[in-house]
Amino acid sequence: PEEQLKYLRMYKTILRMLIDRGYEVDEEKRDILDQTLDEYQTVYSSVNPSQLNGTFESLDHDSSERVQVRFDINEKINNKLWTSIIERMNQDNVNHCILIVRDGTVPKNISRTVELLREKRGQRVEFFEQKEVIINITEHELVPKHEPLTPDQKKALLDRYHINDSQLPKILKTDPVVRYYGVGPGTVIKITRKSETAGRYITYRLVC
């Protein structure tokens, strides 16, 4: 049961991540977000994260963005497996893939390979170790609300304050919440914190 609960928690985090990123998730999967382990297992015999594997379409009808999710990568990431991942993306005609892998299976030098892939071929691969998604960091009580701005919202913000984005405080692209939303350098994040005196206060950070 403990192992099953762990997988269900990871499963829910990825489902919520897809929804928060603006991808279409059907009602059957959305219902899982409110289910306990017992409720889930009355419908399914066990928690099988690979049920989430597949390709998800953007809700933005003006966008052709599609993301492939793979929840069944258990081997250490080596050249052979890396090649198979890229080949699968090419076969399925997707340029964006999210991989949930076992803890400790991503080599430290893989980040440079991922950057080169994005620069040269426009393909984007994100790795999340299981320990990173067993808890949804955006739902933690100590984490303030983060909202990535659209390009239009960013422009309106900069115009309002008569500044350029380099004048904004920075937040690293490796920040766990930035990684959760999958946004890259140049994106502005709106952060809303609770305040005992003001009720709430808002700051903005530029992803770098």
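None of the values given here were measured: they were computed from a predicted structure.

1. A look at unusual backbone geometry
Residues other than glycine predominantly adopt negative phi, and peptide bonds predominantly adopt the trans conformation.
Thinking step 1. Backbone geometry places Asn93, a non-glycine residue, at a positive phi of 55 degrees.
Thinking step 2. Take Asn93: it is sitting in the loop between helix H4 (79-92) and strand S3 (96-101).
Thinking step 3. Even without a glycine there, the phi angle at His162 is positive, about 55 degrees.
Thinking step 4. Looking at where His162 falls in the secondary structure, it is placed in the loop between helix H7 (151-161) and strand S6 (170-171).
Thinking step 5. His162 gets classed as exposed once you look at its relative accessible area, which sits at 72%.

2. Looking at the environment of Gly182
Thinking step 1. In this structure, Gly182 sits in the loop between helix H8 (176-181) and strand S7 (188-195).
Thinking step 2. C-alpha separation for the pair Gly182 and Lys170, spaced 12 residues apart in sequence, amounts to 16 Å.
Thinking step 3. Residue contacts for Gly182: discarding those within four places in its chain leaves Arg21, Arg124 and Glu126.

3. As for the nonpolar core
Thinking step 1. Residues Ile14, Leu18, Leu52, Phe56 and Val69 are the most contacted members of the largest nonpolar core, which totals 28 residues.
Thinking step 2. When residues of this core are traced back to their parent elements, those giving at least two are helix H1 (2-20), helix H3 (37-43), strand S2 (66-73), S3 and H8.
Thinking step 3. The leading source of residues in this core is H1, at 8 residues.
Thinking step 4. If near-sequence neighbours (up to four positions away) are discounted, Leu52 is found in contact with Tyr11, Ile14, Leu15, Leu18, Lys29, Val69 and Phe71.
Thinking step 5. One finds Cys97, Leu99, Ile110 and Val125 within the second-largest nonpolar core, a separate group that totals 16 residues.

4. Here's the deal with a negative patch on the surface
Thinking step 1. A cluster of acidic residues, Glu27, Glu28, Asp31, Asp34, Asp38 and Glu39, forms a negative patch at the surface.
Thinking step 2. Sorting elements by how many residues they give to the negative patch places helix H2 (residues 27-32) first, with 3 residues.
Thinking step 3. Mapped onto the secondary structure, Glu28 falls in helix H2.

5. Regarding the pairing of S2
Thinking step 1. Where burial is concerned, most of S2 is hidden: 6 out of the 8 residues are buried.
Thinking step 2. Here strand S1 (residues 54-57) runs beside S2; their pairing, made up of 4 bridges, is antiparallel. Among the inter-strand pairings, Thr55 is bridged to a residue of S2, identified as Gln68.
Thinking step 3. Of the strand pairs in this sheet, S2 and S3 are connected by 4 bridges, and their pairing is parallel. The residue bridging Ile73 from the neighbouring strand is Val101, located in S3.
Thinking step 4. A crossover links S2 with its parallel partner S3, the connecting element being H4, and its sense is right-handed.

6. Quick notes on the pattern of salt bridges
Thinking step 1. Counted under the stated rule, the structure contains 12 salt bridges.
Thinking step 2. The residue Glu115 makes a salt bridge to Lys173 at a minimum N-O spacing of 3.7 Å. Here the residue Glu115 occupies a position in helix H5 (residues 110-121), and Lys173 occupies one in the loop between S6 and H8, the gap between them amounting to 58 residues.
Thinking step 3. When its relative accessible area of 28% is taken as the criterion, Glu115 is described as partly exposed.
Thinking step 4. Between Glu147 and Lys145 there is a salt bridge, and its shortest N-O distance comes to 4.0 Å.
Thinking step 5. Salt bridges here are not isolated pairs; linked through shared partners, they connect Arg21, Arg124 and Glu126.

Each value, and the rule that gives it
Residues numbered from 1 in each chain as written. Predicted model: local features only at pLDDT ≥ 70, side-chain atom pairs only at ≥ 80, totals over all residues. Heavy atoms only, no water. Helix = DSSP H or I, 4+ residues; strand = E, 2+ residues; numbered from the N terminus. Buried < 20%, exposed > 50% of the residue type's maximum accessible area, 1.4 Å probe, protein only. Contact = heavy atoms within 4.5 Å. Core = buried A, V, L, I, M, F, W, Y, C linked by side-chain atoms within 4.5 Å. Patch = residues over 30% accessible without salt bridge, like charges linked within 9 Å, V, L, I, M, F, W, Y side chains within 5 Å. Areas by Shrake-Rupley, 256 points an atom, 1.4 Å probe, with all protein chains shown as cover. Salt bridge = Lys/Arg side-chain N within 4 Å of Asp/Glu carboxyl O. Lys, Arg positive; Asp, Glu negative; His and termini not counted. Charge placed at Lys NZ, Arg CZ, Asp CG, Glu CD. Pairing = 2+ DSSP bridges. Right-handed = clockwise from strand over helix to strand, strands pointing away.

None of this, on its own, says anything about what the molecule does.
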